[in-house]
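# Inside the fold
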Amino acid sequence: MSDVQRGLLQALRDGARERAKAGRASSVSWARRVAPAPVLLRLLTGLTLFTAAELAVPPEWASAGLYVGVAALVSAAAALAPAGAAVLVAIVFTLGAWLLADAFDGDRSPTLWTAAALACLLYTAHSAAAVAQRFRTTTAMDGEIILTWAKHLGLVLASTVGTALTLALFTAYFSGLTAGLAVGAGIVAAVTVIYVLARSLHKAT
């Protein structure tokens, strides 16, 4: 090997070493500056969307590798980009899977409590993404913002559970209405959530 080749090889090695050092330094710097609240909100968005996607379908669908992979992909995309259309895509995917599972699985009938659980999970994901999209992962959030969000979230979830309980008690006296109400509630929830999220994304752009 000539001196020129040795010098070129050494320069490449030194360059690679310097780039690696710079990358490690950048990662350490970001880790030190990261704010926990925006990161946790993004994690909550992804986890609730994935849980909703798994709950929306029968166990055999929920354990299928392809479905789990797609559900994990859309949930992770929503967590990483809460300000984009990824959250809307994940919600539509979950609701579509729920309706398709009920349509094609003759042994599975929709239940009011499944609809209520999906509504709670999807609203939690949507509201967490709506707050997270306003802050970078390195931006500290005022505790008052988190407290206000938590209060609104708790109110909506409590109202949803209360409404489901009222419907469950009402339909106990009328056989056959629970499944129909669950499907109707699911469709209304789907349209409402998609509309609210679309408005939120429109205002953010």
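In the block above lies the structure referred to throughout.
Quick summary incoming for the structure in this document. If you're wondering where the values come from, they're calculated on a predicted model, not measured in any experiment.

### A word on helix 4 (residues 65-80)
Taking 1.5 Å of rise per residue, the 16 residues of helix 4 would be expected to cover 22 Å, and the 22 Å separating its terminal C-alpha atoms lies within 8% of that figure. Along helix 4, the residues that are buried comprise Tyr67, Ala71, Val74, Ser75, Ala78 and Ala79. Across the axial projection of helix 4, the buried residues extend over an arc of 140°, all falling on one side. Turned more than 90 degrees off the buried face of helix 4, the exposed positions are Gly65, Leu66, Leu73 and Leu80.

### Considerations on a nonpolar patch on the surface
Taken together, the side chains of Trp113, Val161, Leu165 and Leu169 present a nonpolar region at the surface, about 390 Å² in accessible area. By the secondary structure assignment, Leu165 is in helix 7 (residues 143-171).

### Points about the packing of helix 2 (residues 36-55) against helix 6 (residues 112-132)
In the contact formed by helix 2 and helix 6, the axes pass within 8 Å of each other and the chain directions differ by 155°. Classified by the angle between their axes, helix 2 and helix 6 sit roughly antiparallel to one another. Taken as a pair, helix 2 and helix 6 cross one another with a handedness that is left-handed. When helix 2 is examined against helix 6, the residues Pro38, Leu41, Arg42, Leu44, Thr45, Thr48, Leu49, Thr51, Ala52 and Leu55 are found in contact with a partner set consisting of Thr114, Ala117, Leu118, Leu121, Leu122, Thr124, Ala125, Ala128, Ala129, Val131 and Ala132. Here the residues of the contact of helix 2 with helix 6 are counted per class, giving 15 nonpolar, 5 polar and 1 charged.

About the cut-offs
- Residues numbered from 1 in each chain as written.
- Predicted model: local features only at pLDDT ≥ 70, side-chain atom pairs only at ≥ 80, totals over all residues.
- Heavy atoms only, no water.
- Helix = DSSP H or I, 4+ residues; strand = E, 2+ residues; numbered from the N terminus.
- Expected span 1.5 Å × (residues − 1).
- Buried < 20%, exposed > 50% of the residue type's maximum accessible area, 1.4 Å probe, protein only.
- Arc of directions from axis to C-beta.
- Patch = residues over 30% accessible without salt bridge, like charges linked within 9 Å, V, L, I, M, F, W, Y side chains within 5 Å.
- Areas by Shrake-Rupley, 256 points an atom, 1.4 Å probe, with all protein chains shown as cover.
- Salt bridge = Lys/Arg side-chain N within 4 Å of Asp/Glu carboxyl O.
- Axes fitted to C-alpha atoms, helices over the stretch in contact; angles between N-to-C directions.
- Parallel < 35°, antiparallel > 145°, perpendicular 65-115°, else oblique.
- Left-handed = near helix turned anticlockwise from the far one by under 90°.
- Contact = heavy atoms within 4.5 Å.
- Nonpolar A, V, L, I, M, F, W, Y, C, P; charged D, E, K, R; others polar.

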